[in-house]
Structures are given as structure tokens and as C-alpha cells.
Amino acid sequence: MAYKTLLTEVDEDAGVALITLNRPESLNALCEEMMNELSNALDRFEADEEIGCIILTGGKKAFSGGADIKEIQDKTFPESYYEDFISRNWERAARMRKPVIAAVSGYAIGGGCELALMCDIILAADTARFGQPEVRLGVIPGAGGTQRLARVIGKSKTMELCLTGRMMEAKEAEMCGLVSRVVPADDLLEAARELARTIASMPLASALMIKEAVNIAYETPLSQGIQFERRLFQSLFSTDDQKEGMAAYIEKRSAHFKDK
Ligand code: CO8
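Bear in mind the structure is a predicted one, so any value in this text is a computation, not a measurement.

Asks: Requested: an account of the overall build of the protein chain, with residues and values cited.
Replies: Summing up its helical and strand segments, the protein chain has 12 helices and 10 strands in all. Taking 2.2 N^0.38 as the reference for a compact globule, 260 residues should give roughly 18 Å; the C-alpha atoms of the protein chain span a radius of gyration of 19 Å, in line with that estimate. When its C-alpha atoms are laid out on the principal axes, the protein chain stretches across 60 × 45 × 40 Å. Long-range contacts, defined here as pairs at least 24 residues apart, represent 66% of the contacts in the protein chain between residues at least 6 apart. Surface summary for the protein chain: the accessible area is close to 14,100 Å², and the carbon and sulfur share equals 55%.

And the structure:
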């Protein structure tokens, strides 16, 4: 399927889908059309049984410069409230059940940083820059910047970034746990593909449950999270892939998972 604001590509053998934000003239400003298309592409890949992992990336200069300021500048409060455009399509990435990797090169600021935060793993090029500059526009982060960011990097740094609009570079983002790894910019896509291939080769039920369990750590008290994890762990003993994975280990051979 062709999109106006995205490029998509599927590696069927690896079970990996790649989505590239593609409005370079505006540094991938996240306009409504792009967020609708992104939502549609994520729906498709979520439903595609052959896909086990999705990569979301942008361009060399920008993953995304954030919400399209030119599109939203004249909105009124009632329009913004009744349209509720943020929850309508922006949150789709956060609701994905399959693992999503954000491969970030250049700017990931404002909504761009928030979109990356909705993904499960952020892999950063050494050129990546993260920030929440909304305060300089007379607003505040509107798609999770004060919430997801605070849970990931803590209160003090979130406050500093949101209150000043300062951008942080890849190294700092790695040190504070926002990104899993920093790689040279030219290697970013290949590193993301390799990571995605590895994840897609794992049993799908385990991958989905790991994601569910890690995410619930942000929503529940520890005792409930531990209980939830234990039930998921126990439930996997009903799958063929658990029998295969453990048999392969004992027989010193590679496992052949069937997602059953
Ligand atoms: N919206 C619209 N256009 C943008 C955006 C944006 N967010 N970012 C960049 N562009 C455009 C520029 O206007 C410029 O267009 P033109 O050539 O027509 O003037 C083009 O992209 C290239 O950008 P620059 O010339 O500015 O490139 P520089 O290298 O000089 O600067 C920066 C790069 C620092 C990234 C700069 O472009 C910038 O500051 N951009 C705005 C960043 C920003 O404030 N983002 C926050 C937006 S608000 C937000 O994201 C809230 C999200 C909450 C959810 C909302 C749901 C809709």
C-alpha cells in the first residue's frame, strides 16, 4: 500500500517491517495525515502474522521535529478538545502489541521524542538529539512528554528538559536510560534491522508477553506486577514453543519456533 507521508518495507524472511517517516522538507513534522497513515500502517503490521517486529525511523537530519506547528497553530481549545486528535491516532504506537523499535537519527523533539517514547526500544544514532521544546511555543508536551519521559529518565531531568526546552545529545540520552544504545549514524538502520531480526525470530507469545509485563511495571505496584509476570510465565507452559525451546536446549541444537 502506498502512503503520502511514509515509506514502508517488509522483509518477509526476517518477519520485520520498516516504517520510515517521510516528510523531509518539514523535518518529518507530524501532521494529521502522517499520524493517520502511521496508525494505518501499524494496524496492518499488527495484523500481519508474518511480522514479528516493527522498526520506526525517520531521516538522517530528523526522526521528527514534532507536531506540525503550521497545522495546529490556529486551533482553538474547543477544536482541540472535541477533535481529540492526539488520542485518536497519536497513541496507536503505544497500543501496539508487537515490539516496535524507534531508530532515531537527528532531531527527535516535541512530539517526535514522545513518539519515540511510545516505542519499546529506542536505538539512537550518535547524531540524535532529544528534547521537549513545547514550553518555547507557549504550550506543554501533549503526547506523553511529561509522563512517559519522567518515568524513564526521572523527575529532575524531565523537569529541566521540559522547563527549558534544552535538547540532549545521544550520549546523555544513553546515560539517563532513554535510549538502549548509541551507534554511528551510518550503521543505525542495519543495527535496527539486526535487532529486529533477532526479536522477530523469538516465539511471538513470549515477545508479546514480555512487552506486556514490562509495560505493566509502569502501571502497577510491584507485588501485582510480579504476580502478573508469574501468571504469564506459567501460561507459556501451554505452548509448543516452550516444549521446543527447552528440548532444543537440552539436545544442544537450535530451536525451531512455530508461534504455537
Ligand atoms: N512543525 C512544522 N514545521 C517544522 C517543524 C515542526 N515541528 N520542525 C521543522 N519544521 C520545518 C521548518 O519550519 C522548516 O520549514 P521551512 O523551510 O518552510 O521554513 C523546515 O522544517 C526545516 O527546519 P529548519 O529550517 O528550522 O531547520 P534547522 O536545522 O534550522 O532547525 C530545528 C531544526 C531546531 C528542529 C527547528 O526546525 C525547530 O525548532 N523545529 C520546531 C521544533 C518544535 O518546537 N517542536 C515541537 C512542536 S509541538 C509538539 O510537538 C507537541 C506534541 C504534542 C502532540 C500534539 C498533537 C498534534
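Past the structure itself, the notes keep going.
Asks: Can you break down the pattern of salt bridges residue by residue, with the values?
Replies: The final tally for this structure, using the stated rule, is 16 salt bridges. Between R148 and E91 there is a salt bridge, with the nearest N and O atoms lying 2.9 Å from each other. Of the two residues, R148 sits in helix 6 (residues 148-153) while E91 sits in the loop between helix 4 (85-89) and strand 5 (100-104), which places them 57 residues apart along the sequence. D120 is paired through a salt bridge with K211; the nearest N and O atoms lie 2.8 Å apart. Of the two residues, D120 sits in the loop between helix 5 (111-118) and strand 7 (121-125) while K211 sits in helix 10 (residues 204-216), which places them 91 residues apart along the sequence.

Asks: Could you give an account of the packing of helix 10 against helix 11 (residues 222-235), naming the residues involved and the relevant values?
Replies: At a minimum axis separation of 9 Å, helix 10 and helix 11 run at an interaxial angle of 170°. Comparing their axes, helix 11 and helix 10 come out roughly antiparallel. Taking contact as the criterion, the partners of M209, E212, A213 and I216 in helix 10 are, on helix 11, G225, F228, L232 and S235.

Asks: Which residues make up the nonpolar core, and what are the values?
Replies: Of all hydrophobic cores here, the largest spans 44 residues; its most connected members are L115, F130 and L178. Of all the secondary-structure elements, those providing two or more residues to this core are strand 2 (16-21), helix 1 (32-47), strand 3 (53-57), strand 5, helix 5, strand 7, helix 6 and helix 8 (170-175). Sorting elements by how many residues they give to this core places helix 1 first, with six residues. When near neighbours in sequence (up to four residues on either side) are disregarded, L178 contacts L117, I122, F130, L149, V152, I153, M168 and A173.

Asks: I'd like to hear about the site of the ligand, residue by residue, with values.
Replies: In the vicinity of the ligand there are 24 residues, among which K61, G65, A67, I69 and G111 approach most closely. Within the side chain of K61, a nitrogen or oxygen atom sits 2.7 Å from an oxygen atom of the ligand. One of the side-chain nitrogen or oxygen atoms of K70 is found 3.2 Å away from an oxygen atom of the ligand. For the ligand, the accessible surface in isolation is 1,100 Å², of which the surrounding protein chains cover 67%. Those elements that place two or more of their residues in the shell around the ligand are helix 2 (69-72), helix 4, strand 6 (107-109) and helix 5. Residue composition of the shell around the ligand, grouped by class: 12 nonpolar, six polar and six charged.

Asks: Tell me what's going on with helix 1, and back it up with residues and numbers.
Replies: The end-to-end C-alpha distance of helix 1, which contains 16 residues, comes to 23 Å, matching closely the 22 Å that a straight helix rising 1.5 Å per residue would cover. All of the buried residues along helix 1 are M34, M35, E37, L38, S39, A41, L42, F45 and E46. Structurally, helix 1 contributes buried residues whose contacts are with strand 1 (6-11), strand 2, strand 3, helix 4 and helix 5.

Asks: Can you break down the pairing of strand 2 residue by residue, with the values?
Replies: For strand 2, a buried count of six out of six residues is recorded, marking the element as mostly surrounded by other parts of the structure. Here strand 2 shows a buried face lined by V16, L18 and T20 and a second buried face lined by A17, I19 and L21. As paired elements, strand 1 and strand 2 share six bridges and run antiparallel to each other. Residue pairing in the sheet places L6 in a bridge with L21 of strand 2. With antiparallel pairing between neighbouring strands as the criterion, strand 1 and strand 2 make up a hairpin whose turn holds four residues, including G15 at a positive phi of roughly 70°. Sheet topology places strand 2 next to strand 3; five bridges connect them, and they run parallel. If you follow T20 over to strand 3, its bridge partner there is T57. One crossover worth recording links strand 2 to the parallel strand 3 by way of helix 1, and it is right-handed.

Rules and cut-offs
Residues numbered from 1 in each chain as written. Predicted model: local features only at pLDDT ≥ 70, side-chain atom pairs only at ≥ 80, totals over all residues. Heavy atoms only, no water. Helix = DSSP H or I, 4+ residues; strand = E, 2+ residues; numbered from the N terminus. Rg over C-alpha atoms; globule rule 2.2 N^0.38 Å. Contact = heavy atoms within 4.5 Å. Areas by Shrake-Rupley, 256 points an atom, 1.4 Å probe, with all protein chains shown as cover. Salt bridge = Lys/Arg side-chain N within 4 Å of Asp/Glu carboxyl O. Axes fitted to C-alpha atoms, helices over the stretch in contact; angles between N-to-C directions. Parallel < 35°, antiparallel > 145°, perpendicular 65-115°, else oblique. Core = buried A, V, L, I, M, F, W, Y, C linked by side-chain atoms within 4.5 Å. Buried < 20%, exposed > 50% of the residue type's maximum accessible area, 1.4 Å probe, protein only. Near = heavy atom within 4 Å. Polar contact = N/O pair within 3.5 Å; in protein donor to acceptor, adjacent residues only side chain to side chain. Nonpolar A, V, L, I, M, F, W, Y, C, P; charged D, E, K, R; others polar. Expected span 1.5 Å × (residues − 1). Pairing = 2+ DSSP bridges. Right-handed = clockwise from strand over helix to strand, strands pointing away.

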